[in-house]
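Here are the chains, one letter per residue:
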Amino acid sequence: MPNNTVKKTIYFLTNNIHKYEEVKPIAEKYGFQIEMCNDAEKMEIQSNDLLEIAKYAALHAYAKIGKPLMVEDAGLFVHALNGFPGPYSSYVFKTIGYQGILKLLEDTEERKASFRSAVVLIHEPFIITCIGETTGYITTSPRGNRGFGFDPIFVPNDSSKTFAEMTINEKNMFSHRAKAVECAFKKLRKMTELGLKTGISNSIDDK
Ligand code: ITT
């Protein structure tokens, strides 16, 4: 294989098949293919900052795997709960679930919430970071059976459907993850094209 061949596979460090399915069409749109990579090795530091968590996990995994990879960390931030569960969304979902969030908001009219996503993509010599945010509100009861996590109780602004009532394509038109991932692949495409033009393509060849 010639030296300047750019292999376009990015390993996505996640155990969440739904996240993979949401990210796949976006990566493809920019000419990359993603492969799900078991995140058993994923180091999750304790931090209030999603990007810090994702950065640490990506660098740690890259040191081990040495292949182009992406980490995406997301969370639900509920305004009336001062941003809870935020970076603790995974644990909160596993313990009290979305029913627990509905219960905490039972007598609250303030339903505003946002989903945030932090993406870290490493493709030597580039380290790309992007943030995506989608604001909306928490419903009073769950609706829809698609998606995962808090999807049945979140309605993004400018929609009447919860994420769980949307197809993947529809969710990608609104979601925090789609915004962050789109930003990351757009930057990566720009940088790899520039790399090819300027002759630094060898350093992004993951053979
Ligand atoms: P990883 O293996 O990639 O870490 P995960 O399911 O743990 O997958 P995150 O850490 O990014 O995913 O997200 C933490 C939790 O936040 C997740 O378990 C969901 O409960 C919730 N969440 C994140 N993104 C969501 C989305 O798009 N829709 C609904 N819930 C979401």
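Here, the structure is the one placed above.
These numbers come from a predicted model, not from an experiment.

Novice: How should the overall build of the protein chain be read in this particular structure?
Specialist: For the protein chain, the count of helices and strands is six helices and six strands. Mapped from its N terminus to its C terminus, the protein chain presents α and β elements in the order β-α-β-α-β-α-α-β-β-β-α-α. Residue burial in the protein chain is summarised as follows: out of 207 residues, 47% are buried. Taking as baseline every contact in the protein chain between residues at least 6 positions apart, the subset at least 24 positions apart corresponds to 61%. Total accessible area computed for the protein chain in this model is approximately 10500 Å², and 51% of it derives from carbon and sulfur atoms.

Novice: How should the nonpolar core be read in this particular structure?
Specialist: Nonpolar side chains in soluble globular proteins generally cluster together in the buried interior. Counting residues in each nonpolar core, the largest one holds 21 residues, and the members touching the most others are Ile10, Ile34, Met70, Leu121, Phe185 and Leu188. Those elements that place two or more of their residues in this core are strand S1 (9-13), helix H1 (17-29), strand S4 (112-123), strand S5 (126-138) and helix H6 (176-198). The element that contributes the greatest number of residues to this core is H6, accounting for six residues. Beyond its immediate sequence surroundings of up to four residues, Ile10 is in contact with Phe32, Gln33, Ile34, Glu35, Pro68, Leu69, Met70, Leu121, His123, Phe185 and Leu188. Core analysis: the next-biggest nonpolar cluster, separate from the first, contains 16 residues, Leu13, Ala54, Ala61 and Ala118 among them.

Novice: Please explain helix H4 (residues 97-104) as it appears in this structure.
Specialist: Since the α-helix advances by 3.6 residues per turn, residues separated by three or four positions end up pointing in the same direction. Where H4 is concerned, the buried positions are Gly97, Gly100, Ile101 and Leu102. On the buried face of H4, the contacting elements are strand S3 (69-78), helix H3 (89-95) and S5.

Novice: Where do I start with the packing of aromatic side chains in this structure?
Specialist: Describing an aromatic ring pair means giving the distance of the ring centres and the angle of the ring planes. Within this structure, the stated rule accounts for five aromatic pairs. Between Phe93 and Phe150 the ring centres are 5.2 Å apart and the planes differ by 80°, which places this aromatic pair in the edge-to-face class. Taken as a pair, Phe93 in helix H3 and Phe150 in the loop between S5 and strand S6 (154-156) lie far apart in primary sequence, 57 residues in all. The class for Phe93 is partly exposed, based on a relative accessible area of 32%. The class of Phe150 is buried, set by a relative accessible area of 6%.

Novice: Can you walk me through the sheet that holds S5 in this structure?
Specialist: The strands making up a sheet associate through hydrogen bonds between their backbones, and the pairing can be parallel or antiparallel. Across the sheet, six strands lie side by side as S2-S1-S3-S4-S5-S6; this open sheet has mixed pairing. Edge positions in the open sheet fall to strand S2 (33-37) and S6, since each of these has one partner strand only. Put simply, the sheet's adjacent strands are angled 35° from each other on average, direction ignored. In this sheet, S2 lies alongside S1 in parallel orientation, the contact comprising five bridges. Across the sheet, residue Thr9 finds its bridge partner in S2, namely Gln33. H1 rests against S1, S2 and S3 of the sheet, and its axis sits at about 165° to S2.

Conventions we followed
Residues numbered from 1 in each chain as written. Predicted model: local features only at pLDDT ≥ 70, side-chain atom pairs only at ≥ 80, totals over all residues. Heavy atoms only, no water. Helix = DSSP H or I, 4+ residues; strand = E, 2+ residues; numbered from the N terminus. Buried < 20%, exposed > 50% of the residue type's maximum accessible area, 1.4 Å probe, protein only. Contact = heavy atoms within 4.5 Å. Areas by Shrake-Rupley, 256 points an atom, 1.4 Å probe, with all protein chains shown as cover. Core = buried A, V, L, I, M, F, W, Y, C linked by side-chain atoms within 4.5 Å. Phe/Tyr/Trp six-rings, centres within 6.5 Å; stacked < 30°, edge-to-face > 60°. Pairing = 2+ DSSP bridges. Axes fitted to C-alpha atoms, helices over the stretch in contact; angles between N-to-C directions.

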